[in-house]
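Survey of secondary and tertiary structure
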Amino acid sequence: MRQCLLKKAFTLIEVLISIVLLGIMFTYVYTIINSTKAQNNHYLKKADTIQTEQKIFNLLSLDIAESTSKISISNGFRYDLISFKTQNSIYEIVNPNVLYFVSKKESALIRVESLEPLKLDNKEQVAHAFLYADILTTDTLSFKASQDGDFVTIMLRSPSLKPMVFQIPTIN
């Protein structure tokens, strides 16, 4: 009767071997999961970058293509300032004035939508204006614009985005 009981149980060596094999398997699974997480984070960052690039391109394209006034471009050393009236509005303003500029403090490309044309050097007007401002990207290295006939050419460089150069046709 004693022999029957011993044959039904696992030996200590069999238990230890199974624990070691489980440990090796769990280590392998853990490594695969961490690798997958790192790849996922990389692709999420890439997707965010592409989404930001598309958002900037779509906003600039729609704003400029639907402009209803002369596009004013003030050239600076690395950053230009673009202002005009457009039919495109994010905030349901009828024919808003749109201003694109790069802030000196954060080097952020900012889009401002307002009822009245804005002059950034007039702090009193900016303080009392009804406006909406959106930061499109930060760490902007350069933002240049030029107008040649019916086309506006925009060049944007930022470490977080691919360099963007595009020509946008104007209606007026």
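Check the entry above for the structure.
Reading the values: rules and limits
- Residues numbered from 1 in each chain as written.
- Predicted model: local features only at pLDDT ≥ 70, side-chain atom pairs only at ≥ 80, totals over all residues.
- Heavy atoms only, no water.
- Helix = DSSP H or I, 4+ residues; strand = E, 2+ residues; numbered from the N terminus.
- Contact = heavy atoms within 4.5 Å.
- Pairing = 2+ DSSP bridges.
- Axes fitted to C-alpha atoms, helices over the stretch in contact; angles between N-to-C directions.

When you line up the elements, Thr-140 lands in the loop between strand E5 (131-137) and strand E6 (142-148). If sequence neighbours within four positions are ignored, Thr-140 has contacts with Tyr-79, Val-102, Ser-107, Ala-108, Leu-109, Leu-156, Arg-157 and Ser-158.

This next bit is on the environment of Leu-120. Relative to the helices and strands, Leu-120 resides in the loop between strand E4 (109-114) and helix H3 (123-128). Separated by 33 residues in the primary sequence, Leu-120 and Gln-87 place their C-alpha atoms 22 Å from one another. Look past the residues within four positions of Leu-120 in its chain and what remains in contact with it is Leu-81, Leu-99, Phe-101 and Val-126.

Taken in spatial order, the five strands make up an open sheet running E1-E2-E3-E4-E5, and their pairing is antiparallel. At either margin of the open sheet sits one strand with a lone partner, and together these are strand E1 (72-74) and E5. Strand-to-strand twist of the sheet, defined as the mean angle between neighbouring strand axes without regard to direction, takes the value 15°. Pairing of E4 with E5, which is carried by six bridges, proceeds in the antiparallel orientation. For Ile-110, the partnering residue across the bridge sits in E5 and is Ile-135. Sheet strands in contact with helix H2 (residues 12-65) are strand E2 (81-85), strand E3 (97-102), E4 and E5, and its direction is about 135° off that of E5.

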